[in-house]
Amino acid sequence: MKVQKWALYRLLLKDPTSCALMLQGCARTRQLNKGKELHAHIITTAKQPSIFVSNHLINMYSKCGDMACALQVFDEMPQRNLVSWTAVISGLSQNGAFQEALRFLEEMRISRWQPSQFALSCAVQACAALGWVQHGKQLHSLTLKTGFGSELFVGSNLIDMYSKFGLLVDAQDVFNGMSAKDKVCWTALIDACSKNGEFSEALRAFRKMNLDGIPADQHVLCSALSACGGLNSLPTGKSLHASVIKYGFESDVVVGNSLIDMYSKSGDVESASLVFSLDSQMLNVVSCSTLIDGFAENDEIEKAVNIYLNLRRQGIVPNEFTFSSLLKACAGQAALEQGKQLHAQVIKAEFAADPFVSTVLIDMYGKSGLLESSLQVFHEIQDKTDIAYNAIIGVFAHHGYGREAIQHFEKMVSKGMKPNAITFVNLLTACSHAGLVDEGLSYFNSMSMRFNFTPRDEHCACVIDLLSRAGKLKEAEEFIKAMPSEPNAFAWCSLLGACRRHGDAEKGKLAAEKLMMLEPENNGTHVLLSNLYAAVGQWEDVKSVRKLIKETKVKKLPGYSWVDVNNKTHIFGAEDFSHPQKKEIYAKLESLSDRMREAGYIPYTGSVSSNVEECLKEKLLQYHSERIALAFALISIPSEKEIIKDRQKIVLQQDQHYPVPRAWKRSTTALNLSAFYKVELVHGMEA
């Protein structure tokens, strides 16, 4: 019986079609050893396999990931045909040997073989992976020359290639030049628009695809959902969710992750959680990381941590994106203790060298006020990327270290890294916070001249902030007039804040009016304008603004300061007498105030926007929420620990930069809206 089977097997091996079918089976199931065994039998049966069988051998070895054997088969072929060359180029491209794939395409042409559409498509994919723009454009010309330019498979790969190069216009030109378009081409175009930030274009293309009667698949739905998330377009996202259900993709894990991402980016984390909880298949590292990122974006750190703990309980191993999202949440809330614990887990999981994780660590420590820790993480990065340099320049900007930011920027450029929009925002912000007006203006001008980068609205806003902080209000006004477009809200807010500090009511009123038009719901505009009028003694105007606040029903959010003690957050408002330790707090506050006066402190009552007696203004300053929080921290936190005091949604008052007596030799970092100031208790005064 065995002899008969062997005879039949040998007979099959002599038939090229049977050999091809068996090799295809090995390729499909990735059974390399079985394929090698079959190859050995083919050689013993027929010393030299036919071109047809050899081509299938190349394909089998390529699909199984053994390109060395595939190339050996190719080299030993006495004759080759178009399929042989296509198979080896395809195999090299699919196995990541992109340069080799392009080299074989050149050899193919030298051997006077005209590349097939499949060989050209694989070469286009190789160019996209390598980022070889010029080579890719040459290949595009070759596809047109050979008549494959409008072929569906080639066209979709060209669209994808130009998308990866960031050349969306070229990708759209390829798409528009195609006589026929299938689902793959539409998906390539929509994905290209979405990945290049043209979210409206992506959704427009998706609608046109539907109008053309082409049904959506899971891939195009994911790209469209990504575009919705980028636009924060919740209604359109919900409509797409209905399409997902209509086409029966609600159980698809990748689509589910895209839905979670869309809802999270649109600010609807409850719906994201609902999608997450409806299907047990959604519980994977991608969906968990996406949901954690959604909670992080919405400053819900406790929920983000709960998702992470649930992930660990289910035995799912977190990846670098999970840690990046969690650390980002800690950075946003200045949750230093949680951030440190996560840093330890990052080291344990061996993600400390990951460029994204290390960058978020730099940012997290920087936003928590620990500049030294940020620098330590930065210096521990072996191969520093532009992302790492952007992060450390941003940290220097937050801390007001302009010179250091400039030094690291120049070092980044000297290493051949190209600064981007974020780099320049961080650099100009650093110059602004450090009062380096000339340097900031010089770098702004160099953006187009030295780096061939056109400044955007956010860069112009940084220049307005730079001039405003330095008291150069006239120059700021002239800069605004010379701008090609209207400044954004940040720019007008910077000018308004500067007008308040320098007592320019006329320019301040103009800035406030512009800001109210851009952000009518922003209560801070009315507060700043009211404080400006109070600072220059225009009390009637103060009354008018307060009346306007009441009439427009704009809510003035109270200012709070908070400090963490023993894993518990203590929140304080102005003149807050509700804390259980109020007696000790106010005793410490009185003692602190006495020492401050002895050190020469004179209260700046101009920051008080109430028309009351001077002595009462001094009392109001003394019971500012920030001082109360600091006093509580001094009596509660051990002397060897640094105090991180976080404050949000309040206007920084000039009087809060006060000296602190020598008696409390502590290091305190206070956080305000956009920067840090560090209280170093050295020689009896604040540094």
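Every chain is numbered independently, its residues counted from 1 as its sequence is written. Confidence filtering applies because this is a predicted model: local features only for residues at pLDDT of at least 70, side-chain atom pairs given and counted only at 80 or more, and all residues used for totals across whole chains, interfaces and linings. Processing note: side-chain calculations cover all non-hydrogen atoms of the structure and skip hydrogens and water entirely.

K.L.:
Which residues make up a nonpolar patch on the surface, and what values do they have?
P.N.:
Excluding any residue in a salt bridge, patches collect residues exceeding 30% relative accessible area, merging like charges within 9 Å and nonpolar Val, Leu, Ile, Met, Phe, Trp and Tyr side chains within 5 Å. For the area figures, the Shrake-Rupley method with a 1.4 Å probe applies, and any residue is considered shielded solely by the protein chains shown. Only one rule defines a salt bridge in this text: a Lys or Arg side-chain nitrogen within 4 Å of an Asp or Glu carboxyl oxygen. A cluster of nonpolar side chains, Phe-321, Phe-356 and Ile-387, forms an exposed patch at the surface whose accessible area comes to about 280 Å². To qualify as a helix, a DSSP run of H or I must reach at least 4 residues; to qualify as a strand, a run of E must reach at least 2; elements of each kind are numbered from the N terminus. Considering the arrangement of structural elements, one finds Phe-356 in helix α22 (residues 355–367). What makes Phe-356 partly exposed here is its relative accessible area of 44%. Partly exposed describes any residue whose relative accessible area lies between the buried limit of under 20% and the exposed limit of over 50%, with all areas from a 1.4 Å probe on protein chains only and scaled to the type maximum.

K.L.:
Give a description of helix α7 (residues 98–110) that names residues and reports values.
P.N.:
If you check α7, its first and last C-alpha atoms are 19 Å apart, about what 13 residues at 1.5 Å a residue would give, namely 18 Å. Looking only at α7, the buried set comprises Ala-101, Leu-102, Phe-104, Leu-105 and Met-108. All buried residues of α7 project into a common sector of 160 degrees when viewed along the axis, lining one side. Seen from the open side of α7, the exposed residues pointing more than 90 degrees away from its buried face are Gln-99 and Ile-110. Contacts from the buried residues of α7 go to α5 (67–75), α6 (82–94), α8 (117–130) and α9 (133–145). Positioned one or two residues after α7, Arg-112 has a phi angle of 65 degrees, which is positive. Helix span, expected: 1.5 Å multiplied by one less than the number of residues in the helix. An arc is given here, and it is the one of the directions from the helix axis to the C-beta atoms. The criterion used for residue contact is that any of the two residues' heavy atoms lie within 4.5 Å.

K.L.:
Let's hear about the packing of aromatic side chains: which residues, and what values?
P.N.:
Planes of paired rings set the category: under 30 degrees apart is stacked, over 60 is edge-to-face and the rest tilted, where pairs are Phe, Tyr or Trp rings (Trp by its six-membered ring) whose centres lie within 6.5 Å. Tallied over the entire structure, the rule returns 14 aromatic pairs. Ring centres 5.6 Å apart and planes at 70 degrees place the aromatic pair Phe-444 and Phe-479 in the edge-to-face group. One end of the pair, Phe-444, is in helix α27 (residues 437–449); the other, Phe-479, is in helix α29 (residues 473–482), with 35 residues separating them in the sequence. Using a relative accessible area of 12% as the deciding quantity, one classes Phe-444 as buried. Residue class for Phe-479 comes out buried when judged on its relative accessible area of 19%. Chaining the aromatic ring pairs together yields one cluster made of Phe-409, Phe-424, Tyr-443, Phe-451 and Phe-453. Consider the ring centre and the ring normal. A charge sits over the ring if Lys NZ or Arg CZ is within 6 Å of that centre and within 35 degrees of that normal. Taking NZ or CZ as reference, Arg-80 lies 4.2 Å from the ring centre of Phe-74, over its face. A cation over an aromatic ring shows up here: Lys-181 above the ring of Phe-175, its NZ or CZ 5.1 Å from the ring centre.

K.L.:
Explain the environment of Val-154 to me, and be specific about the residues and the numbers.
P.N.:
Mapped onto the elements of the fold, Val-154 is located in helix α10 (residues 152–165). Remark: the alpha-carbon pair of Val-154 and Gln-125, spanning 29 residues in sequence, is separated by 9.7 Å. Leave out the neighbours within four places in its chain, and Val-154 touches Gln-117, Ser-121, Thr-143 and Phe-148.

K.L.:
Describe the packing of helix α28 (residues 457–469) against α29, naming the residues involved and giving the relevant values.
P.N.:
The convention used is that axes are lines fitted to C-alpha atoms, helices contributing only their stretch in contact, and that angles between N-to-C directions extend from 0 to 180 degrees. Contact geometry of α28 with α29 gives a least axis separation of 8 Å together with a crossing angle of 160 degrees. Judged by the inter-axis angle, α28 sits roughly antiparallel to α29. Between α28 and α29 the crossing geometry is left-handed. Here Cys-460, Val-463, Ile-464, Leu-467 and Ser-468 of α28 come into contact with α29, specifically with Leu-473, Glu-475, Ala-476, Phe-479 and Ile-480. Put simply, angles under 35 degrees are roughly parallel, angles over 145 are roughly antiparallel, angles from 65 to 115 are roughly perpendicular, and the rest are oblique. Definitions for this section: a left-handed crossing has its near helix turned counterclockwise from the far helix by less than a right angle. A right-handed crossing has that turn clockwise.

K.L.:
Which residues make up the side chain of His-241, and what values go with them?
P.N.:
Tracing the backbone shows His-241 in helix α15 (residues 234–246). Look at His-241 and you get buried, because its relative accessible area is 18%. When near neighbours in sequence (up to four residues on either side) are disregarded, His-241 contacts Leu-259, Tyr-263 and Val-275.

K.L.:
I'd like to hear about the pattern of salt bridges, residue by residue, with values.
P.N.:
With the rule as written, the count across this model stands at 17 salt bridges. Across the salt bridge formed by Lys-36 and Asp-66, the nearest N and O atoms sit 3.6 Å from each other. You can see Lys-36 sitting in helix α3 (residues 32–45) and its partner Asp-66 sitting in the loop between α4 (51–63) and α5, a full 30 residues away along the chain. Classification of Lys-36 by relative accessible area gives partly exposed; the value is 35%. For Lys-208, the salt bridge is made with Asp-212, and the minimal N-O distance between the two is 4.0 Å.

K.L.:
Please provide a residue-by-residue account of the nonpolar core, values included.
P.N.:
Ranked by size, the top nonpolar core spans 160 residues in total, and within it Ile-89, Leu-139 and Leu-495 carry the most contacts. Contact partners of Ile-89, with chain neighbours within four places excluded, come to Ala-101, Phe-104, Leu-105, Met-108, Ala-119 and Cys-122. By nonpolar core we mean a set of buried residues, namely Ala, Val, Leu, Ile, Met, Phe, Trp, Tyr and Cys, connected to one another through side-chain atoms within 4.5 Å.

K.L.:
For the environment of Phe-165, give the residues involved together with the corresponding values.
P.N.:
Structurally, Phe-165 can be placed in helix α10. Taking C-alpha positions, Phe-165 is 6.5 Å from Gly-131, a pair spaced 34 residues apart along the chain.

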